[in-house]
Amino acid sequence: MTLTLHLAKGTVALASHIALEEIGAPFDLVWVDFRAGEQRSDEYARINPKGRVPVLTTPHGRLTETPAILNWLAATHPAAGLWPDDAFQRARIDEMSAFLASTMHVNHAHRMRGARWADRPESLADMAAKVPETMAAAAALVEKALPDGGPWVLGDRYSTADMHLFTVSSWLEGDSVEITDFPRLSAHADAMRARPAVQRTWALHQPGA
Ligand SMILES: N[C@@H](CCC(=O)N[C@@H](CS)C(=O)NCC(=O)O)C(=O)O
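What you see is a predicted model; the values in this text were computed from it and never measured. (Residues numbered from 1 in each chain as written. Predicted model: local features only at pLDDT ≥ 70, side-chain atom pairs only at ≥ 80, totals over all residues. Heavy atoms only, no water.)

Let us look at the domain arrangement of the chain. What the domain assignment lists for the chain is domain 1 (3-81) and domain 2 (87-196). For domain 1 and domain 2, the distance between their C-alpha centres works out to 19 Å. Counting residues at the interface gives 18 residues for domain 1, matched by 17 residues for domain 2. Taking both partners together, domain 1 and domain 2 bury about 1300 Å²; carbon and sulfur atoms supply 58% of that area. On the domain 1 side of the contact with domain 2, V12, E22 and L70 bury the most area, a combined 31% of that side's loss. On the surface where domain 1 and domain 2 come into contact, there are one salt bridge. A salt bridge links R195 to E22, with the shortest nitrogen-to-oxygen separation between them at 2.8 Å. The interface formed by domain 1 and domain 2 includes six residue pairs in polar contact (both at pLDDT 80 or more). Of the residues that constitute the side of domain 1 that touches domain 2, the class distribution is nine nonpolar, six polar and three charged. (Domains from an automatic or database assignment. Contact = heavy atoms within 4.5 Å. Buried area = accessible area lost by both parts, 1.4 Å probe. Salt bridge = Lys/Arg side-chain N within 4 Å of Asp/Glu carboxyl O. Polar contact = N/O pair within 3.5 Å; in protein donor to acceptor, adjacent residues only side chain to side chain. Nonpolar A, V, L, I, M, F, W, Y, C, P; charged D, E, K, R; others polar.)

It is worth spelling out a positive patch on the surface at this point. Taken together, the side chains of R40, R52, R113 and R116 define a basic patch exposed on the protein surface. For R40, the position within the fold is in the loop between β2 (27-31) and α2 (42-47). (Patch = residues over 30% accessible without salt bridge, like charges linked within 9 Å, V, L, I, M, F, W, Y side chains within 5 Å. Areas by Shrake-Rupley, 256 points an atom, 1.4 Å probe, with all protein chains shown as cover. Lys, Arg positive; Asp, Glu negative; His and termini not counted. Charge placed at Lys NZ, Arg CZ, Asp CG, Glu CD. Helix = DSSP H or I, 4+ residues; strand = E, 2+ residues; numbered from the N terminus.)

Time to look at the nonpolar core. One finds M104 and L185 to be the most contacted residues of the largest nonpolar core, which totals 52 residues. Only β1 (3-7), α1 (13-23), β3 (55-58), α3 (66-76), α4 (87-112), α5 (121-145), α6 (160-169) and α7 (183-193) provide two or more residues apiece to this core. Take this core: its biggest share by element is seven residues, from α1. Here this core spans two domains, and each of domain 1 (3-81) and domain 2 (87-196) adds at least three residues to it. Not counting residues up to four positions away in its chain, the partners in contact with M104 are F99, M135, A138, A139, V142, V168 and L172. (Core = buried A, V, L, I, M, F, W, Y, C linked by side-chain atoms within 4.5 Å. Buried < 20%, exposed > 50% of the residue type's maximum accessible area, 1.4 Å probe, protein only.)

Right, let's talk about the pairing of β2 for a bit. One ladder, built from five bridges, connects β1 with β2; its direction is parallel. Among the inter-strand pairings, H6 is bridged to a residue of β2, identified as V30. The handedness of the β1 to β2 crossover, carried by α1, is right-handed. (Pairing = 2+ DSSP bridges. Right-handed = clockwise from strand over helix to strand, strands pointing away.)

Following this line, the structure appears as structure tokens:
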């Protein structure tokens, strides 16, 4: 059975898309039209009741949540070299992905998705206004966590944590945070952009692609 990824452009689903491309296993893409609100349709609720992307359909069932999808892809495709044998290295991957999913991504969502948490226009405006500060604070923590010499989260070993980090840090500019203020993070993004699999994937997430 071919793997199928439900995704939308410029979203966190980019990380899972990059992982599929890096692994080289056959996969299908199903683009979810956020402008049309397709993620909130009854039909999509049958695929993911959370109304979010990504969703990866596997031979064993559907998976949601980027860290789970990335770990499953890495663990089930060992030839791609994305799944370290060492438990501490795997924990480092989880440490980064958990921070990105539970903190930095949530910070970012306060700009466009404030209605998840509040209704009053002034509350939404207040949350959006705070995003440059909270995203810069998260970027500063990632900057400290990136190892000397880099370029990857695990130093000289590329992993799914890098795909997740690249995706979330690609939102910094839109959140009015200058990535070049964070030299390691900036070098990380450059190293990612040099990878052919990332280039192929990134191109598909651009408007009009
Ligand atoms: N914790 C989830 C978050 C998924 C998520 O929030 N995806 C966003 C796109 S970045 C989404 O589908 N938003 C649709 C909406 O809010 O309507 C993960 O890391 O995969």
